[in-house]
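Residue strings, one per chain:
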Amino acid sequence: MATINMTPGDLELGRDRGRIGKPIEIPLLENFGLDSQLGPFYLGFWNAVAYITGGIFTFIWLMVMFAQVNYNPVAFAKYFVVLQIDPPSSRYGLSFPPLNEGGWWLIATFFLTVSIFAWYMHIYTRAKALGIKPYLAYGFTGAIALYLVIYIIRPVWMGDWSEAPAHGIKALLDWTNNVSVRYGNFYYNPFHMLSIFFLLGSTLLLAMHAGTIWALEKYAAHEEWNEIQAPGTGTERAQLFWRWCMGFNANAYSIHLWAFWFAWLCGITGALGVFFSMPDFVNNWFQWGIEAGINYPQGPTPPVSLP
C-alpha cells in the first residue's frame, strides 16, 4: 500500500499558515459517522465580515417579521414560515422606498450580498494560503450566480425591484411558482430542463459514489489517496465494480470531477433560465416550446360524441 511521505516542513504547515487554537472534542458526533473533533476555526478578515454582515441581515429579517406580529413570540413562532420582508412595489422602480414599503428589503439584501461575497473570499483565500486549488470557491460561484440573477441582475435589468422575491421561507417558494406561471410554465424552459437534469444527475452521482465507498469501508476505501494504485484495495475494487456495472471506469478523482460539474451547472443553467424569463427575451415558455418544436401545437378540442 502506498504511503504519504511528510517532511518536517509539512508538519509545520498548520503553524506556518496560522492554524491556532484548540479543537473541541464531542464524542457524540461519532455516533453519526462524524469525527469527534470540532474546530479550531479560522476567523480571519473575510470570515469576520461574512459573520457580521450575515448577522445584520438575519437581525433585520427577524426583527421586521417580529414587528409584523406586534412582537408576540407565540404568533412569531406560529407564523414564522409565512412571514416575509417584501421588496419595494413596482411603482418605486429601482428607487429607494420608505423602510416599511421595501426599504428594509433593500438594506437586508445589501448585507446578505456582502456576506455571500465575503464568505467566497474567505474560502478562496484559505485555499490559497494552504496551497490547494480553490475548487470549493469555484463551486460556490454556481450558487452565487443563481442568487445574483434572482435578487439583483434580473430586477435591475427589468428596472423593478418587485421582480425579486421577498425574504421569507414560503415567499421564495411562492415567487418560484409565480414566475413559472407568469412566463408560461418553466417546464418548457430549456435551461430549467438542464438545471433539473444536473440537479438529479449530481444527486445520482454522489449517491452512487457514497454507496460504493461505504460498501468498501472494510477494505479502507475511504483512504483513497493511499490506495488509488494499490491492487486488491478498496479503491481498486470500487473501480472494478464500476466497470462491471456501469461499463466505464470511475476513480477517486473523476467521480468528484463529474459531481462538481453537475452541481455547478445546476446553478448556472438555473440562473440562465430565470434571467431569460422576462419580456425582453421570452415572455411565454409554453409558446416558445411550440415554436421550438418540443411542444405539440394547441388547437380546438375535438368534438366528443356520446353513444
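Not measured: the values here are computed from a predicted model.

Participant: Got a minute to help me understand the overall build of the chain in this structure?
Facilitator: Secondary structure summary: the chain contains twelve helices and two strands in total. Starting at the N terminus and walking to the C terminus, you meet the elements of the chain as α-α-β-β-α-α-α-α-α-α-α-α-α-α. Counting all 307 residues of the chain, 34% fall into the buried class. Put simply, of all contacts in the chain between residues at least 6 apart along the chain, 57% involve residues at least 24 apart. Split by element, the accessible area of the chain, about 19,400 Å² in all, is 67% carbon and sulfur.

Participant: Just checking my understanding: could you explain a nonpolar patch on the surface for this structure?
Facilitator: Where nonpolar side chains cluster on the molecular surface, the patch consists of Y79, V81, V82 and I169 and spans about 320 Å² of accessible area. Mapped onto the fold, Y79 is located in the loop between α4 (73–78) and α5 (103–129).

Participant: How do you make sense of helix α3 (residues 44–68) when you look at a structure like this?
Facilitator: An α-helical segment advances 3.6 residues per turn. Residues three or four places apart therefore align on the same side. The terminal C-alpha atoms of α3, which comprises 25 residues, lie 36 Å apart, in line with the 36 Å expected from a rise of 1.5 Å per residue. For α3, the secondary structure elements touched by its buried residues are α4 and α5. Residue N70 follows α3 closely and has a positive phi angle near 55 degrees.

Cut-offs applied
- Residues numbered from 1 in each chain as written.
- Predicted model: local features only at pLDDT ≥ 70, side-chain atom pairs only at ≥ 80, totals over all residues.
- Heavy atoms only, no water.
- Helix = DSSP H or I, 4+ residues; strand = E, 2+ residues; numbered from the N terminus.
- Buried < 20%, exposed > 50% of the residue type's maximum accessible area, 1.4 Å probe, protein only.
- Contact = heavy atoms within 4.5 Å.
- Areas by Shrake-Rupley, 256 points an atom, 1.4 Å probe, with all protein chains shown as cover.
- Patch = residues over 30% accessible without salt bridge, like charges linked within 9 Å, V, L, I, M, F, W, Y side chains within 5 Å.
- Salt bridge = Lys/Arg side-chain N within 4 Å of Asp/Glu carboxyl O.
- Expected span 1.5 Å × (residues − 1).

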